[in-house]
Structures are given as C-alpha cells and as structure tokens.
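# Working through the structure, step by step
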Amino acid sequence: MSNTFEPEIVAFCCHYCAYTAADMAGSKRLSYPPNVKIIRVPCTGKVDAIHIMKAFQKGADGVYVAGCLEGDCHFKNGNLRAARRVQRVQALLDEIGIDSRRVEMITMSAGMGERFAKTAREFTEKIRELGPGPVKAAERDFGLSAAG
Ligand code: FES
C-alpha cells in the first residue's frame, strides 16, 4: 500500500451530539485528522442508506454516522433507525465484496469532545490500513473515474 494514501472520510454528525462534540473537540484544541469531512444532519435518523452509498460513490474511503447516545435522540429513536440502516449497508457492502468495516455507527453525547477526536483518529487509521475505497480502487485498477 502506498504511504501517500490519505483516506477521505465522511462523518454524518447529528446536530445535537456529535456535531457539538466536534465543536467541543475544537475548542479544547483536541486534534483529529483533517481527513474527516463532517456533514451536519438534524438527526442521524435522517441519514438514509442512499446517502452513505452516495458518499462512497463520490469517492469516500470510509463513512461513519455519529448520533446521540441510546435513549438520548431528540427525535425519539432516530439513532436506532440509523444503526439499523448502517447494519443494512454493512450487509450490502459485504454482499458486493466491499469490506463492511468501511462504514460504522457511533454514538456520543455533546460533551464528549475527546470521544469525537478519538473516534475520528481511530476510524481514519482503520481506513488507512484498509486502503482506497471502492471508487478509488476502480480508478486505480481499471482507469474508471467517478461521475456525477
Ligand atoms: Fe441525535 Fe437523533 S437527535 S441522533
């Protein structure tokens, strides 16, 4: 694996918890890799399988969905719905030969800046070890490029 590979990570972050935790990590000057691109969502329950797959199609090497702790979702059970969708996407990835560890569901509270930073670091390292995601691998192997 090339040492120059810098994974692109998409993190769908709930406004009420993970996004606020990211803010807290920033204000505490906790470092986390710039590889992680945060997409703020009102609740992880709004993240559908198609959004995750679209992130991969656009070139993401890994995707995680970060929502409120169990029982703390502001929309009752959006985080539980998101967790089920992530499981379905993992199963789909496995089925089509893509390592399902490239997608993950994570929960945290708004005060968990350290957890946000640690998660971002660990997930980035895991994806770095897995190597380029499906689109980049296709580009490398077959000269295909992502469209749209
Ligand atoms: Fe945070 Fe639903 S409001 S996961």
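In what follows, the accompanying structure is described. (Residues numbered from 1 in each chain as written. Predicted model: local features only at pLDDT ≥ 70, side-chain atom pairs only at ≥ 80, totals over all residues. Heavy atoms only, no water.)

## With respect to the pattern of salt bridges
- Following the criterion strictly, the structure yields 10 salt bridges and no others.
- The shortest N-O distance in the salt bridge between Glu114 and Lys28 comes to 3.0 Å. Here Glu114 is found in helix α4 (residues 113-130), whereas its partner Lys28 is found in the loop between α1 (18-27) and β2 (36-41), with 86 residues between them in sequence.
- Where Asp61 meets Lys136, a salt bridge forms, and the shortest distance between an N and an O atom there is 2.6 Å. Here Asp61, found in the loop between α2 (49-57) and β3 (62-67), pairs with Lys136, found in helix α5 (residues 134-142); they are 75 residues apart in sequence, far enough to count as distant. (Salt bridge = Lys/Arg side-chain N within 4 Å of Asp/Glu carboxyl O. Helix = DSSP H or I, 4+ residues; strand = E, 2+ residues; numbered from the N terminus.)

## Regarding unusual backbone geometry
- Even without glycine at this site, Arg29 takes up a positive phi of about 60°.
- Assignment of secondary structure puts Arg29 in the loop between α1 and β2.
- Given the relative accessible area of 77%, Arg29 is considered exposed.
- A positive phi angle, near 75°, is found at Lys76, a position not held by glycine.
- Inspection of the secondary structure assignment puts Lys76 in the loop between β3 and α3 (78-95).
- Judged by its relative accessible area of 73%, Lys76 is exposed. (Buried < 20%, exposed > 50% of the residue type's maximum accessible area, 1.4 Å probe, protein only.)

## So, the side chain of Arg102
- Looking at the secondary structure, you find Arg102 in the loop between α3 and β4 (103-107).
- In this structure Arg102 is buried but unpaired, with Asp61 as the nearest side chain of opposite charge at 5.2 Å.
- Setting aside its immediate chain neighbours within four residues, Arg102 contacts Phe56, Asp61, Gly62, Val63, Phe123, Ile127, Leu130, Gly131, Pro132, Gly133 and Pro134. (Lys, Arg positive; Asp, Glu negative; His and termini not counted. Contact = heavy atoms within 4.5 Å.)

## Brief notes about the sheet that holds β4
- The sheet built from 4 strands is open, its strands ordered β2-β1-β3-β4 with parallel pairing. At either end of the open sheet lies a strand with only one pairing partner, and these are β2 and β4. Each neighbouring strand pair of the sheet contributes to a mean axis angle of 20°, computed without reference to strand direction.
- Pairing of strand β1 (residues 9-14) with β3 involves 5 bridges; the strand directions are parallel. In the sheet register, Ala11 faces β3, and the bridge partner there is Tyr64.
- Together, β3 and β4 form the strand contacts of α3, whose direction differs from that of β4 by roughly 160°. (Pairing = 2+ DSSP bridges. Axes fitted to C-alpha atoms, helices over the stretch in contact; angles between N-to-C directions.)

## Observations concerning α4
- With 18 residues, α4 extends 26 Å from end C-alpha to end C-alpha; this agrees with the ideal 26 Å at 1.5 Å per step.
- Taken residue by residue, α4 has Gly113, Phe116, Ala117, Thr119, Ala120, Phe123, Thr124 and Ile127 as its buried positions. For α4, the arc enclosing every buried residue in end-on projection is 160°, short of the 170-degree limit, so these residues lie on one face.
- Buried residues along α4 sit in contact with β1, α1, β2, β3 and β4. (Expected span 1.5 Å × (residues − 1). Arc of directions from axis to C-beta.)

## Considerations on the packing of α2 against α3
- In contact at an axis separation of 9 Å, α2 and α3 are set at 45° when each is read in the N-to-C sense. Here α3 runs oblique to α2, going by the angle between their axes. Seen from above, α2 lies across α3 with right-handed handedness. Contacts between α2 and α3 involve Ala49, Ile52, Met53 and Phe56 from the first element and Arg85, Val86, Val89, Leu92 and Leu93 from the second.
- Residue classes in the contact of α2 with α3 are distributed as 8 nonpolar, no polar and 1 charged. (Parallel < 35°, antiparallel > 145°, perpendicular 65-115°, else oblique. Left-handed = near helix turned anticlockwise from the far one by under 90°. Nonpolar A, V, L, I, M, F, W, Y, C, P; charged D, E, K, R; others polar.)

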